[in-house]
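# Chain and residue survey
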Amino acid sequence: MLTILGPTASGKTAVAVRVAAALDAEIISADSRQIYRDMNIGTGKDLDEYRVDGRQIPYHLIDIRPPGYRYNVFEYQRDFLTAYRDITSRGHEPILCGGSGMYIEAVVRGYELREVPPNMTLRAELEQRPTEELIAHLASIKKLHNATDLDTRKRIIRAIEIGHFYRDHPMPEHDYPAIDNLYVGIDLPREVRRARITSRLYARIEAGLIEEVESLLHQGLTPDDMFFYGLEYKFVTLYLTGQYSRQEMIDNLEIAIHQFAKRQMTWFRGMERKGAHIHWIDGTVPLDTQIEVTLDLYERYRTGSL
């Protein structure tokens, strides 16, 4: 498998889709938010990108759950494996593409994951504690590498619930296939990445981001639900509920996305420290050059000359 990764606004999807066209491959999304229907602008699906010269490039794990659903990495690992086996059984190659480092590692490294049932007794007890105490308790049972665990009290409590389950239930034998994988990363200078993020944010607002969030709230999703689905949905909801002015929302959202991109790169560097060899290519060179470099790396990888 070829995995093309990079931070937000790096242009990884454009590279992956055109490489897929050249290889007659299919894309498996590694984006933790694009799995939701009706969340198009805020998640940056840009489904038009999946057409190359009038040809539709097949994609998987996009638009597979309704808004309001709380998807998790366990489900992603299961759904990825279904898509992976489907693609390879038909003689095609899968290309994993996205910026959700945890999802990528979960499937490439084969994390041992299980579905964790709700523990209503523990939840009731945790609900009585102040947020600061909950965070301290969570930090005592796991490393707080995933900042989204702290977005809301509900997420903090669920993270504690999962931590307790894994502590109290030893992991059974795990049978997950080893995947022969090549990592290619799209790298951008910090100032270029920041400029792209800013430009894209304003473009999404013009394209109807605020109206998309309004529509989701009108469907019955709560503000707490919206916080679960990422920065764009969180900050626009804060604006729509009167906690930010429009410009405050834009300014704070822009800062938060820059910080998020930095955390993504920190995660990828952590993958490298754990042994992942990511071949970084220059995301500022012409797209055709990025595609050529990626295809060359993959061909050398497949033939054992890399």
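Cut-off values and rules
- Residues numbered from 1 in each chain as written.
- Predicted model: local features only at pLDDT ≥ 70, side-chain atom pairs only at ≥ 80, totals over all residues.
- Heavy atoms only, no water.
- Phe/Tyr/Trp six-rings, centres within 6.5 Å; stacked < 30°, edge-to-face > 60°.
- Helix = DSSP H or I, 4+ residues; strand = E, 2+ residues; numbered from the N terminus.
- Buried < 20%, exposed > 50% of the residue type's maximum accessible area, 1.4 Å probe, protein only.
- Lys NZ or Arg CZ within 6 Å of the ring centre and 35° of its normal.
- Pairing = 2+ DSSP bridges.
- Contact = heavy atoms within 4.5 Å.
- Axes fitted to C-alpha atoms, helices over the stretch in contact; angles between N-to-C directions.
- Core = buried A, V, L, I, M, F, W, Y, C linked by side-chain atoms within 4.5 Å.
- 1 Å grid on protein atoms, 1.4 Å probe; cavity = no way out; pocket = protein on both sides within 12 Å on 5 of 7 lines; lining within 4 Å.
- Points joined across faces, edges and corners; volume = space filled by probe spheres on them.
- Nonpolar A, V, L, I, M, F, W, Y, C, P; charged D, E, K, R; others polar.
- Polar contact = N/O pair within 3.5 Å; in protein donor to acceptor, adjacent residues only side chain to side chain.

A few words on the packing of aromatic side chains. Aromatic rings in a pair are described by how distant their centres are and how their planes are angled relative to each other. By the definition in use, this model includes nine aromatic pairs. Where Y76 meets Y103, the ring centres are 4.4 Å apart and the plane angle is 25 degrees; that geometry is what we call stacked. Taken together, the residues Y76 in helix 2 (residues 73-89) and Y103 in helix 3 (residues 101-108) connect sequence positions 27 residues apart. You'll find Y76 and Y103 in the same group, each marked buried. The rings of Y71, Y76, F80, Y84 and Y103 are connected pair by pair, giving a single aromatic cluster. Here the guanidinium or amino end of R70 rests over the ring plane of F228, the centre of that ring lying 4.4 Å away. Residue placement shows R269 over the ring face of W280; its charged tip is 4.9 Å from the ring centre.

With that settled, consider the environment of A21. Turning to its location among the elements, A21 is positioned in helix 1 (residues 12-23). Remark: the alpha-carbon pair of A21 and Y202, spanning 181 residues in sequence, is separated by 30 Å.

This part takes up the sheet that holds strand 8 (residues 278-282). Strand order across the open sheet formed by six strands is 5-2-6-1-7-8, with parallel pairing between neighbours. On the outer flanks of this sheet lie strand 5 (59-60) and strand 8, each paired with one strand and no other. As defined by bridge partners, strand 2 (residues 26-29) adjoins strand 5 across two bridges and the pair is classed as parallel. Paired with I27 across the two strands is Y59, which belongs to strand 5. Contacts between helix 3 and the sheet are confined to strand 1 (2-5), strand 6 (94-98) and strand 7 (182-187), with strand 6 contributing the most and set at about 150 degrees to the helix.

A few words on the nonpolar core. General note: in soluble globular proteins, nonpolar side chains tend to be found buried as a group. Core analysis: the biggest nonpolar cluster contains 54 residues, and I28, Y76, F80, L96, I104 and Y183 have the highest contact counts within it. Secondary-structure elements contributing two or more residues to this core are helix 2, helix 3, helix 7 (190-207), helix 8 (209-218), helix 9 (223-228), helix 10 (231-240) and helix 11 (246-273). A per-element tally of this core places helix 11 first, with nine residues. Discounting residues that sit within four places of it in the chain, L96 has contacts with M1, L2, T3, I4, I28, S29, A30, Y76, F80, I104, V107 and V108. V15, V19, A25 and I27 belong to the second largest nonpolar core, which has 24 residues in total.

In this section: unusual backbone geometry. With the exception of glycine, the majority of residues adopt a negative phi angle, and the majority of peptide bonds are in the trans configuration. At L61, a position not held by glycine, the phi torsion is positive, near 65 degrees. The phi dihedral of D63 falls on the positive side, at around 60 degrees, and the residue is not glycine. Position of D63 among the secondary structure elements: in the loop between strand 5 and helix 2. A residue is classified by how much of its surface remains accessible, and D63, at 25% relative accessible area, is partly exposed.

The subject of this paragraph is empty space enclosed by the protein. Taken as a whole and assessed by the stated rule, the structure comprises one cavity of 30 Å³ or more. Looking at the lining of the largest cavity, the element that brings in the most residues is helix 7, giving four residues. Grouping the amino acids of the lining of the largest cavity by side-chain chemistry returns three nonpolar, no polar and three charged.

Regular strands place their side chains on alternate faces of the sheet. Of all five residues making up strand 6, five are buried, and the element is well covered by its neighbours. With burial as the criterion, each face of strand 6 is covered, one bearing P94, L96 and G98 and the other bearing I95 and C97. Here strand 1 runs beside strand 6; their pairing, made up of four bridges, is parallel. The partner of L5 across the bridge, within strand 6, is G98. With four bridges connecting them, strand 2 and strand 6 associate as parallel partners. Within strand 6, the position partnered with S29 by the bridge is C97.

Below, the discussion takes up the environment of Y229. Position of Y229 among the secondary structure elements: in the loop between helix 9 and helix 10. What makes Y229 buried here is its relative accessible area of 1%. Counting along the chain gives 54 residues from Y229 to G283, while the straight-line C-alpha distance between them is 27 Å. Every residue in contact with Y229, bar those within four places of it in the chain, is listed here: R33, Y36, M39, P67, G68, Y69, R70 and L221. In terms of polar contacts, Y229 uses its side chain to reach the backbone amide nitrogen of G68, at 3.0 Å.

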